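What the coordinates show
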Amino acid sequence: MESFMISGIQQLGVGTENFRKSWDWYIDMFGVDVKILEDDTVAERMLPYTGGKPQQRHACIAVSLQGGGGFEIWQYSKRKPEPCPFAISVGDLGIFAAKLNCRDVEAFHREVSAKWKDCSSPEILPDGTPCFYIRDLYGNCFQIVENKKVFIEQNRLTGGMAGAVIGVTDMEASVRFYGEVLGYDIVKSDTTGIFSESGIMPDADKMCRRVILAAPERKGAFAKLFGDTTIELVQALERTPRKIYEGRYWGDPGFIQICFDVTNMKALGAFCAEKGHPFTVDSCPDGEQFDMGDASGHFTYIEDPDGTLIEFVETHKVPVVKKLGWFIDMRKRNPEKSLPKFLFRMMGLVSRQRR
């Protein structure tokens, strides 16, 4: 079989009730201020997850140059976003917390707790990583995890996405899926106990099994920007978990999906189908190119064993200086070769000038 490559977590989707308020909060709190693309068009190819109808939405992908995956900030334009009708608890099925890079957890906790009260005390994850939890404007929970690595120095304590915390029903099936399909085959910890003493989320004091997975070093054009990531799987043992997006649409408030940057989508599709997880959405079934506003490429979706959405994006064109017509054609590059840092610095400079 022809080979494919997964280069890391490109972004986590965050559905919101107010696009601008959410992004401003992520800029002020986390420094996610570099816009890669912005689009306000109709999502025509997500019909299995949008009630069978195309839906207008406003979305952007924003990153921190300090390193980590991006935020895909997402709001319906002509449909009222529907928040989760219940308080999301530890172990509920789907992404119930996003991991965010932080070079110094204690220092950032002092900084952020002075201006934002909805955060926990610092603690230690089962794999030994310092962390704490913070909720955003609309209640989305972020697990701030310590990672000393910095891609491009911005004199900030935080970076981009470092992974996700995902509720599951069958730990063995989920470990197998994230290991075999997505490459997270290193078990950093496997523990049973309460999730946290902080009380930041409902049912954090109930027994659960949690497995933290890592992947070997990734290759690819954006791999050094994305950096190391972990997937934390949590299985509730004292309660029956609920599906976070049951009865709601893709794009409604919450963590929508986890997206991976890939090359050779055709080979990846054959591999996923062989593993029992075929594409549920394919933006380019006939090999065409999908226009994403300032960028273009090919996106697909699969589901994990509990229906959590996993997105794959193969980027074909990415903007550097749009007004000068400066784009990078990713198909003409060695897919394993990293993009030079000066290009990311240029994207950051131009993006901040446009805001």
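These numbers come from a predicted model, not from an experiment. (Residues numbered from 1 in each chain as written. Predicted model: local features only at pLDDT ≥ 70, side-chain atom pairs only at ≥ 80, totals over all residues. Heavy atoms only, no water.)

Side note on empty space enclosed by the protein
Taken as a whole, this structure holds two cavities of 30 Å³ or more when the rule is applied. Taken as a whole, the second largest cavity encloses approximately 40 Å³ of empty space. Every residue along the wall of the second largest cavity is listed here: Gln-66, Gly-67, Asn-101, Cys-102, Arg-103, Asn-147, Lys-149, Leu-157, Thr-158 and Gly-159. For the lining of the second largest cavity, the secondary structure elements donating two or more residues are strand E5 (94-102) and strand E9 (158-167). Split by residue class, the lining of the second largest cavity holds two nonpolar, six polar and two charged. (1 Å grid on protein atoms, 1.4 Å probe; cavity = no way out; pocket = protein on both sides within 12 Å on 5 of 7 lines; lining within 4 Å. Points joined across faces, edges and corners; volume = space filled by probe spheres on them. Helix = DSSP H or I, 4+ residues; strand = E, 2+ residues; numbered from the N terminus. Nonpolar A, V, L, I, M, F, W, Y, C, P; charged D, E, K, R; others polar.)

Points about the pairing of E9
With respect to burial, E9 is a largely interior element, 10 of its 10 residues being buried. Across seven bridges, the pairing between E5 and E9 is antiparallel. Across the sheet, the residue bridging to Gly-94 is Gly-167, located in E9. Relative to strand E12 (residues 230-236), E9 runs parallel, the two sharing five bridges. (Buried < 20%, exposed > 50% of the residue type's maximum accessible area, 1.4 Å probe, protein only. Pairing = 2+ DSSP bridges.)

Describing the pairing of E5
Burial runs high along E5: nine of the nine residues are buried. Pairing geometry for E5 and strand E8 (residues 141-146), over five bridges, is parallel. Directly across from Leu-100, in E8, lies its bridge partner Ile-144.

Some words on helix H5 (residues 265-274)
Residues of H5 that are buried: Met-265, Ala-267, Leu-268, Gly-269, Phe-271 and Cys-272. Remark: Gly-276 follows H5 within two positions and exhibits a positive phi of approximately 90 degrees.

Overview of the environment of Thr-191
Inspection of the secondary structure assignment puts Thr-191 in strand E10 (residues 186-194). With a relative accessible area of 28%, Thr-191 lands in the partly exposed category. C-alpha of Thr-191 to C-alpha of Pro-216: the two residues are 25 residues apart in sequence and 21 Å apart in space. Among all residues touching Thr-191, those that are not within four sequence positions of it are Pro-126, Cys-208, Arg-209 and Arg-210. (Contact = heavy atoms within 4.5 Å.)

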